[in-house]
Amino acid sequence: MSNAQDWQDTLHDLRRRRQHAQAMGGQEKLAKHHATGKLDARARIDHLLDADSFQEFGTLVGGEIAADGIVAGAGRVGGTPVMVGAEDFTTLAGTIGAGGNAKRYRLAELALRNKIPLIMLLEGAGFRPRGEHAGRSPTDLIAQARCSGKVPTVAAVLGPSAGHGALVAPVCDFTIMSSQGSIFTAGPPVVKEATGEDVSKEDLGGPEVSLRSGVIHNHADTDEAVLDDIRRYLSYFPSSAWSYPPARLHDDAAAVRPTPELLDIVSRDNRRSYDMRRVIDAVFDDADWLEIQPTFGPAIICALAHLGGHPVAVVANQPTRLAGSIDSDAADKAAHFITVADSFHLPIVFLADNPGMLPGSQSERNGVLRSGARMFVAQTTATTLKLHLTLRKAFGFGSMVMSLVGFDNPGGHLRLPRRHHGRDERGCAQPRVTRRRRHRRDPRTDGTGGVLPDGRDPRVRRVDRTGGDPQRAAAGPATRDLQPSAGRRTGGAHRHHTVARYAVTTGSNSSGVAPCMITASAP
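Residues numbered from 1 in each chain as written. Predicted model: local features only at pLDDT ≥ 70, side-chain atom pairs only at ≥ 80, totals over all residues. Heavy atoms only, no water.

Asker: Could you give an account of helix α4 (residues 98-114), with specific residues and numbers?
Answerer: Between the first and last C-alpha of α4 there are 24 Å, a value that for 17 residues agrees with the 24 Å anticipated at 1.5 Å per step. By the burial criterion, the buried members of α4 are G100, N101, K103, R104, Y105, L107, A108, L110 and A111. Looking at the packing, one finds that the buried side of α4 touches β1 (55-57), β2 (70-77), β3 (80-87), β4 (118-122), α5 (140-147) and α6 (168-171). Positive backbone phi, approximately 60°, marks K115, located one or two places after α4. (Helix = DSSP H or I, 4+ residues; strand = E, 2+ residues; numbered from the N terminus. Expected span 1.5 Å × (residues − 1). Buried < 20%, exposed > 50% of the residue type's maximum accessible area, 1.4 Å probe, protein only. Contact = heavy atoms within 4.5 Å.)

In structure tokens form, the structure reads like this:
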């Protein structure tokens, strides 16, 4: 007998094992799964990855349990290497066994070691109940957490996802769900047993619930649409934090061009709203940009776009929602988005048009200050290139969270003419004059002892304080040097007035601004 014949039985057994693993849960369960309109685990991977690029590992793990409930391996998305794992719901409901847990850990470990993105396709019921203890073993969440900020991580929820498997999604940079997806800590049977609540999977953690809570970022109707959006999302990112985002080939869309359409979109009247999405369409290379979490915190738009052929992150106030005021959900969304963009060196473009943080008792109960502070820390500590454009107004903390701060390494601050920024615009609707003066100073000085050229700065506005009285005019200086803390506003019922606000520059405190406000009216 030849050596080749000695191997035949072994090779035959190997082929049988591979066929068993590739058959997943069997024809009957696969047919039932496909009848719901969903792809199976292997079909999802084939649709996601470039053709013929998938290289599986751990195929025979699990023995008679096909691939131990998860298909794992490496492939390419748009030519970029990635690691991908897909839970197989047709095999013991995609539950996690000891072998499956090891494969999941290995996926994240290899993604970080090779500096490539990690993609998880979820549809499973968490850890598999078993009588014996598997012993001390690492959890995949440890390895996945180590990937955070180093390689892009993406999760898709394509069916019910519960227990340990459901924890994968919130740890990822980007999560997306199909219409048949749902995600929860424990499924309806456990909820019924523990709390007595009788609830469906959809009501417990379906798209409507998980999108509103912010656990899931985006939604698409079908498995195919979800997988296409993952490819689109990754196209904006480098393979890891050790490289830079890929630029498009230069074309007409990326060329420098005027944007006269902004004059039709942005009203000069602050009381008239407009859709910031139209501004994004006009400013960036094309209208095919990707919005992240469009239904959560809609007062801020977070999007991935191209500018001059380069991928950029866009953080923009939406005047059609809460007049652009920033609430807690919007701030939380923006904080996460800014952190991810900064981790992978995407320049961030801030488009500001807001009256500040959202005030009110409900807003305070929602923790608007906590969320706003988180957004501020995210943007001010970001080291990537930051560009700010004020379209009409940016007030108070609302301007700071939108990167209108001159001391956090901004790339540049730009504005449209007649913009407003400062502490607060409320109170200026009715033209009136109010003064509260605590300190006087020599108008020829700059408030610190230095004398201004010719006794005044030609850039500042001057207000006549004599009222036209010649005796008052003869008694002393007829004007007071003022610096505007906000631009002028016109329109509405007071178009015949020009309303401006000024802060008096003095040496009375460290900021150089005394507690004096003048609201001036002019025909």
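Asker: Describe the packing of helix α13 (residues 328-343) against helix α15 (residues 368-381), with residues and values.
Answerer: Where α13 meets α15, the closest approach of the two axes is 8 Å, and the angle between their N-to-C directions is 20°. When the interaxial angle is binned, α13 and α15 end up roughly parallel. The way α13 lies across α15 gives a crossing that is left-handed. Between α13 and α15, the contacting residues are S328, A331, D332, A334, A335, H336, I338, T339 and D342 on the first element and V368, R370, S371, G372, R374, M375, A378, Q379 and T381 on the second. Here the contact of α13 with α15 is composed, by residue class, of seven nonpolar, seven polar and four charged. (Axes fitted to C-alpha atoms, helices over the stretch in contact; angles between N-to-C directions. Parallel < 35°, antiparallel > 145°, perpendicular 65-115°, else oblique. Left-handed = near helix turned anticlockwise from the far one by under 90°. Nonpolar A, V, L, I, M, F, W, Y, C, P; charged D, E, K, R; others polar.)

Asker: Help me get a handle on the sheet that holds β1, residues and values and all.
Answerer: Pairing in this open sheet of seven strands is mixed, and the strands run β1-β2-β3-β4-β5-β7-β9 from one edge to the other. Of all the strands in the sheet, just β1 and β9 (218-220) have a single pairing partner and so form its edges. The mean inter-strand angle of the sheet, taken between neighbouring strand axes irrespective of direction, is 20°. The pairing of strand β7 (residues 174-178) with β9 spans three bridges and is parallel. Across the sheet, the residue bridging to M177 is H219, located in β9. Where helix α10 (residues 223-234) meets the sheet, its contacts fall on β2, β4, β5 (153-157), β7 and β9, and the angle it forms with β7 comes to roughly 160°. (Pairing = 2+ DSSP bridges.)

Asker: Let's hear about the pattern of salt bridges: which residues, and what values?
Answerer: If you walk through the whole model with that rule in mind, you get 21 salt bridges. One salt bridge connects R231 with D50, and the closest N-O pair in it is separated by 3.1 Å. Linking R231 in helix α10 with D50 in the loop between α3 (41-48) and β1, this pair joins segments that are 181 residues apart in sequence. In this structure, a network of salt bridges that share partners links the residues K38, R44, E123 and D223. (Salt bridge = Lys/Arg side-chain N within 4 Å of Asp/Glu carboxyl O.)

Asker: Run through a negative patch on the surface, naming residues and quoting values.
Answerer: Taken together, the side chains of E197, D198, E202 and D203 define an acidic patch exposed on the protein surface. Looking at where D203 falls in the secondary structure, it is placed in helix α8 (residues 201-205). (Patch = residues over 30% accessible without salt bridge, like charges linked within 9 Å, V, L, I, M, F, W, Y side chains within 5 Å. Areas by Shrake-Rupley, 256 points an atom, 1.4 Å probe, with all protein chains shown as cover. Lys, Arg positive; Asp, Glu negative; His and termini not counted. Charge placed at Lys NZ, Arg CZ, Asp CG, Glu CD.)

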